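# Tertiary structure, described
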Amino acid sequence: MEAKTTSEGNSEKASALPPRKALEGVKVLEWADLVSGPYCSKLLADLGADVIKIEKPGKGDESRSRGEFIGHVPHLEKSLLFLYVNTNKSGIALDAASPSEREKFIQLVQWADIFIHDKQPQILNKLKLSYRYLRQINPGLVMTSITPFGQTGPYQCYKAYPINTYSGGGLGHLSPQIGPNSNDPPVRPGGLFMEYGSGLVSAAGTLAALYARQATGVGQEVDVSKQEALLSLCRVQIDRYPNEGLVQSRFDSTKAMGCIFQCKDGYIVEMILQAREWHAFARFLNKPEWENNQYGSMKFRTDHWDEIEDYVSEWMLEHEREKIYHKGQALGCPVSPIMTSEDIVNSEQSKAREFFRESDHPVAGRLTYPMPPYRMSATPPSIERTAPLLGQDTDDIFSSLIDANPEIPLASSRNTETVNESATAKKGPLAGVRVADFAWAWAGAYATELLAFLGAEVIKVESKRHVDPTRLGSLTTGQEFNSVNESPVFNDINLGKLSIEINLSHPEGIKLAKQLVSVSDVVTQNMRPGVMERLGLGYESLRDVRPDIIYLSSSARGSSGPERRYSGYAPNFAAFGGISYITGQPNGKPSYIAGEVDLLSAVTSAFAILAALNHRLRTGEGQEIDVSSAESINVLIGEVLMDYTTNRKVQTRCGNLDDFMAPHNFYRCRGNDKWVSIAIATDEEWEAFKRVLGRPDWIEDERFSTLSGRLEHRVHLDRLIEEWTKAHTHYEIMEILQEADVAAVPCFSSDELYDDPHLNHRQCWTKIFHPMLKEQSVLTSPWKFSETPATIGSAAPLFGQHTDQVFKELLGLEEDEIMRLREQEVIY
């Protein structure tokens with residue numbers, strides 16, 4: 001650890017040193033195409049890892065051939081998608097499947113600490129490159145496998161493109177919300193949003209495995225199924241089926257909590273969860289009669305929504321978006337503009353936070369990139385190199401890099417013993433880590449739940465003065481609960497935690513909180529910027545208590561910039577983030593997207609904490625992390641933002657259309673609201689599809705004989721295909737087409753997912769017992785670790801359930817002292 005500065009001269013000297021990198025010295029080999037795998041390794045590269053990307057000679061990563069392109073002219077070095085997801089990497093051209101190049105590939109595996117790939121098991125087994133082979137070559141290797149359905153189970157070899165994994169992960173049935181009066185088909189998110197999401201989930205799992213590996217030298221496989229990664233993002237809705245017998249769908253919108261309105265010059269989303277927010281909204285609209293206690297009830301607003309909606313819709317149309325936004329937020333009302341890529345790039349908040357940075361590429365020219373959504377005080381992420389040219393580093397790497405790279409040191413001796421014991425006992429990779437959790441609602445809660453799955457001890461700090469809103473009501477259903485201990489929503493995103501009561505408005509409560517921090521490794525909080533500082537619990541105060549503390553703050557817009565105090569929930573993050581604007585039918589309005597956006601923000605926080613923990617394990621250095629939930633969504637549409645910064649093109653909604661695949665859509669099947677996703681990318685797949693259909697007259701139409709023809713006439717083609725799909729169940733179509741190696745996956749509902757043989761083979765649900773809710777079936781973690789399994793140790797805690805235990809056993813308080821603190825409402 002660096003010594004603290006003791007003089008002005010020392011401070012100046014320290015500031016002249018280059019900043020550390022969280023993953024400096026970590027060696028990563030990437031063998032993956034398009035988005036999920038490359039984005040996973042980009043996240044590591046932007047934090048300082050040394051990443052070598054393997055591409056096919058002559059052709060390269062598939063993303064090089066996908067637009068948008070700079071100037072809209074196809075070019076292998078000018079794909080914005082490739083340029084975005086491959087920053088800070090070295091690039092080599094190598095045919096890993098060629099016997100003549102196998103030795104070079106094995107050299108790279110021996111060099112690497114982490115190997116990230118997206119190859120299905122049949123390919124790995126054929127080439128003898130599965131984990132059981134590679135661990136013999138490199139026992140300390142962390143091998144992250146990112147495939148549509150994982151490395152095991154009945155669907156392990158099924159073909160799937162992004163629309164298919166979205167369909168199979170449950171989100172197609174649930175999101176975006178479209179309301180009860182619509183008969184629209186499912187629609188995928190704009191861009192490649194959920195492919196980025198899968199990459200983010202994979203990166204978090206990779207860093208968890210690296211943490212265990214750095215301390216023990218023990219490598220392992222991290223098996224990530226994209227289906228399960230996406231399923232984890234809708235866990236609250238999915239788990240309603242086994243526990244409540246309810247199947248949610250995209251039709252189940254609760255407008256009284258959140259709604260999109262058209263205004264004079266665009267769209268606004270409002271999100272009202274708490275009574276005080278409704279009262280602010282009423283003041284904002286100059287409707288004092290709406291401020292009474294009746295309207296504060298979610299049920300009352302739902303029952304009277306038609307009347308409310310008519311008035312609000314008319315009012316919004318008479319006002320401009322920016323004025324609505326700033327005035328509403330000033331009053332404490334979570335309203336947000338639905339932002340385009342142009343809005344995001346040019347916003348004062350983005351500029352103040354320097355969210356976009358420029359860099360020069362030798363062929364593509366000057367490029368403007370969105371930066372990572374986390375600010376890390378000790379190890380700031382950066383983009384120091386643009387994406388590699390195809391094969392640019394091949395000769396250099398094989399002549400010098402592998403031999404010259406020294407081994408990175410393992411963990412400091414003070415941590416090795418603890419983590420080594422936990423790994424041997426097959427506990428989670430974060431066993432021995434303690435988290436003081438001051439966060440609430442969805443994004444903060446799920447971030448620390450993921451850490452609990454990984455074996456960390458998470459202590460949730462609660463108070464009767466400010467009860468977590470998910471204990472009282474449900475954002476997704478509009479439910480209100482009679483007791484703080486009866487919320488299945490709270491249970492689903494707080495599994496495995498402890499709960500203690502501390503009244504932070506009392507000076508002695510602050511003292512207790514600091515005592516907790518003194519024996520913790522991580523602090524998390526998602527209060528509005530400035531609140532924790534005013535309480536004396538900001539980072540600067542707490543590192544006096546624990547110098548190596550990792551302190552994460554997450555908020556809607558980040559802790560700096562002119563909009564730092566603006567509030568929001570998942571639909572606001574989706575609006576700020578740009579995904580709402582680009583999702584939906586071409587002639588429709590932007591989409592209302594909710595829960596999965598919160599959980600993606602949470603995974604971002606968990607990833608940043610894991611990066612900081614890895615850094616601290618090597619150096620002993622803690623740090624402060626500032627996460628913007630809006631930016632955590634911005635980065636998942638990076639190429640869309642770069643299309644504006646480079647081409648000045650503002651992308652908008654295109655439904656399920658894809659410029660490189662046709663057919664590519666959801667097709668109605670036999671049964672009520674039953675759909676299947678079908679995607680065809682090549683002429684070979686089209687020929688296989690024709691054979692399956694038995695060659696009806698229409699399928700030989702010359703208009704459909706080429707990809708360009710199918711793209712041009714896709715509306716007519718979709719209509720003809722749906723005539724066939726309507727005669728079959730979505731399961732039948734999956735089996736028929738997958739047998740022919742054509743990508744087809746049902747749009748699974750929660751009951752179908754719960755009973756799915758593949759997910760049950762992979763043990764995706766587990767049972768836990770909750771004192772009030774009784775036995776509950778809950779989704780397990782989105783990762784399968786071969787050596788340090790992620791587990792769910794218990795149900796979510798009752799309110800304050802572990803107060804006495806923590807204060808006695810951890811903080812050393814006596815029984816009479818605890819009684820006194822209760823009487824004085826310090827423990828409250």
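Heads up: these notes are all about the structure in this document. (Residues numbered from 1 in each chain as written. Predicted model: local features only at pLDDT ≥ 70, side-chain atom pairs only at ≥ 80, totals over all residues. Heavy atoms only, no water.)

### Side note on the sheet that holds strand 20 (residues 675-679)
On the basis of which strands lie adjacent, the open sheet formed by three strands has the order 19-20-21 and antiparallel pairing. The open sheet is flanked by strand 19 (664-668) and strand 21 (743-746), the only strands paired with a single partner. The mean inter-strand angle of the sheet, taken between neighbouring strand axes irrespective of direction, is 20°. Two strands pair when backbone bridges link them, and strand 20 and strand 21 are joined in this way by four bridges, in the antiparallel orientation. Across the sheet, the residue bridging to Ala679 is Ala743, located in strand 21. Contacting strand 19 and strand 20, helix 34 (residues 714-725) runs over the sheet at an angle of about 40° to strand 19. Sitting on the sheet, helix 35 (residues 730-739) is in contact with strand 20 and strand 21, with an inclination near 160° to strand 21. (Pairing = 2+ DSSP bridges. Helix = DSSP H or I, 4+ residues; strand = E, 2+ residues; numbered from the N terminus. Axes fitted to C-alpha atoms, helices over the stretch in contact; angles between N-to-C directions. Contact = heavy atoms within 4.5 Å.)

### Structural notes on the pattern of salt bridges
Here the structure, examined in full by the defined rule, presents 56 salt bridges. In this structure, the salt-bridge partner of Lys287 is Glu289, at a minimum N-O distance of 2.9 Å. The salt bridge partner of Glu508 is Arg820, with a shortest N-O separation of 2.8 Å. Here Glu508, found in helix 25 (residues 507-518), pairs with Arg820, found in helix 39 (residues 815-823); they are 312 residues apart in sequence, far enough to count as distant. On the basis of relative accessibility, which here comes to 25%, the residue Glu508 falls in the partly exposed class. Look at Arg820 and you get partly exposed, because its relative accessible area is 26%. Within the structure, one salt-bridge network assembled from shared partners comprises Glu30, Lys53, Asp61 and Lys89. (Salt bridge = Lys/Arg side-chain N within 4 Å of Asp/Glu carboxyl O. Buried < 20%, exposed > 50% of the residue type's maximum accessible area, 1.4 Å probe, protein only.)

### Digging into the sheet that holds strand 8 (residues 266-271)
If you trace the three strands from one edge of the open sheet to the other, you get 7-8-9, paired in antiparallel fashion. Sheet topology places strand 7 (258-263) and strand 9 (335-337) at the edges, where each strand pairs with a single neighbour. Shown here is a sheet whose adjacent strand axes are inclined to one another by a mean of 25°, direction ignored. Across six bridges, the pairing between strand 7 and strand 8 is antiparallel. Paired with Gln262 across the two strands is Tyr267, which belongs to strand 8. Where helix 17 (residues 321-330) meets the sheet, its contacts fall on strand 7, strand 8 and strand 9, and the angle it forms with strand 9 comes to roughly 150°. Together, strand 8 and strand 9 form the strand contacts of helix 28 (residues 570-577), whose direction differs from that of strand 9 by roughly 20°.

### Comments concerning the pairing of strand 22 (residues 765-770)
Pairing of strand 22 with strand 23 (residues 774-779) involves six bridges; the strand directions are antiparallel. Bridging from a neighbouring strand, Trp765 pairs with Leu779 of strand 23.

These values are about where atoms sit, not about what they do.
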